[in-house]
Structures are given as structure tokens and as C-alpha cells.
Amino acid sequence: MTTVVMRTTARVVVPIVLVVALSLLLEGHNLPGGGFIAGVLTTTAFALLYLAFGLDFLERGVLGREVESGKAPSRDRVVVAYRRLFAAGLAIAVGSALVPLFFGVPFLSQTYVVLEGVPIYGHVELASAVVFDLGVYCVVVGGLLTILSAVGAE
């Protein structure tokens, strides 16, 4: 059983951690960081939620699944969701690394497009490295949450 302080802290800290993770994910192709550190921060937020509210909250609140009354949530279903995220991330990362080969460019080559006249921002750079970072992000989150769930079951 967790304390009120732990639950309150989690409610305040988790959104902040997730916003910072999103910022690092989107800015990572231009600055150090990117998918890996954003994935680690997201996993930290999930770990905090797990510690504060338990696996039942993750089943209902995060994964959107109904837990049968009187039954404990199945760790297997949660781990399968994390493994699917890992596999999807691996496919995205490998796919984004292979796409340049179809255009006669070396493996893992990246490019970008500059958009002018975007409302509020004015000037926006869209880099293909974001897709690779998204794949790395999904691999890190899926892998670390699978490990966290397995260790938490012990």
C-alpha cells in the first residue's frame, strides 16, 4: 500500500516527466538525447505510476483494458503489450534505416525539409531522423517496461 504523499507526488511529477520526454524526443535529432533518453524518462514515469498506483491502474488507465472484478490483473497481458511496443519500435527503426537504400543513398542517411510560414512557429524543420528516434523510443520503452514488469512479478 502506498502513501498519500507518494500518490500525490506521482500525480504532479509524471506529467512533467512525460512533457520533458516528449520534448527530448522531438528535439533529439538536433541536440544530444533523442529516442533513447526520452524512452528512459517515459519508463521512469511508468515505474513511478506502477509504484504509486499498482498494475491495476496501468491496465485500466494506461492500456485501457477492463479488469474483471475480484481478479488481479494479468501480468502476461501487460508484458505482451510492452513486447508489441518493442517489436513495433524495432520495425520502425530498421525501416527508417533501410528507406534511404531505396533512393540510392547510404544506409541510415537522414534528410530534412524546411517549412516556411507555419502559424505560430513561422519556420519549422522536419527531419527524417525523428522517425528513427521514435523507433528507438518505442524499443527502449517496450524493453525496459518488459524488464520492469518481469522483475516486479518476482
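Nothing here was measured: the structure is a model prediction, and the numbers come from that model.

Caption draft 1: Just the UniProt feature "transmembrane region" (unreviewed entry) in the protein, in detail. Those residues carrying the UniProt feature "transmembrane region" (unreviewed entry) are residues 12–29, 35–55, 85–109 and 129–151 in this numbering. Along residues 85–109 one finds 72% helix and 0% strand; the C-alpha atoms at either end are 24 Å apart. Structurally, residues 129–151 comprises 100% helix and 0% strand, and the distance from its first C-alpha atom to its last is 33 Å.

Caption draft 2: Inspection of unusual backbone geometry at higher detail. Located in the positive-phi region is L108, a residue other than glycine, with phi close to 65°. With respect to the helices, strands and loops of the structure, L108 is situated in the loop between α4 (75–102) and β1 (112–118).

Caption draft 3: Looking closely at the packing of helix α1 (residues 4–27) against helix α2 (residues 35–53). Contact geometry of α1 with α2 gives a least axis separation of 9 Å together with a crossing angle of 165°. Classified by the angle their axes make, α1 and α2 are roughly antiparallel. Once α1 is placed against α2, the crossing between them reads as left-handed. Touching M6, R7, A10, R11, V13, V14, V17, L18, V20, A21, L24 and L25 of α1 are G35, I37, A38, L41, T42, A45, L48, L49, L51, A52 and F53, all from α2. Among the residues forming the contact of α1 with α2, the class breakdown is 19 nonpolar, 2 polar and 2 charged.

Caption draft 4: Looking closely at the nonpolar core. Counting residues in hydrophobic clusters, the biggest one holds 11 residues: A21, L25, A38, F46, L55, V78, Y82, Y137, C138, V141 and L145. Per element, the largest residue contribution to this core is 4 residues, and it comes from helix α5 (residues 129–153). The contacts of V141, once residues within four sequence positions are left out, are G39, T42, T43 and L85. Within the second largest apolar cluster, 7 residues are counted, among which are A10, V14, V17 and F53.

Parameters at a glance
- Residues numbered from 1 in each chain as written.
- Predicted model: local features only at pLDDT ≥ 70, side-chain atom pairs only at ≥ 80, totals over all residues.
- Heavy atoms only, no water.
- UniProt positions renumbered as here; feature names shortened; annotations may be inferred.
- Helix = DSSP H or I, 4+ residues; strand = E, 2+ residues; numbered from the N terminus.
- Axes fitted to C-alpha atoms, helices over the stretch in contact; angles between N-to-C directions.
- Parallel < 35°, antiparallel > 145°, perpendicular 65-115°, else oblique.
- Left-handed = near helix turned anticlockwise from the far one by under 90°.
- Contact = heavy atoms within 4.5 Å.
- Nonpolar A, V, L, I, M, F, W, Y, C, P; charged D, E, K, R; others polar.
- Core = buried A, V, L, I, M, F, W, Y, C linked by side-chain atoms within 4.5 Å.
- Buried < 20%, exposed > 50% of the residue type's maximum accessible area, 1.4 Å probe, protein only.

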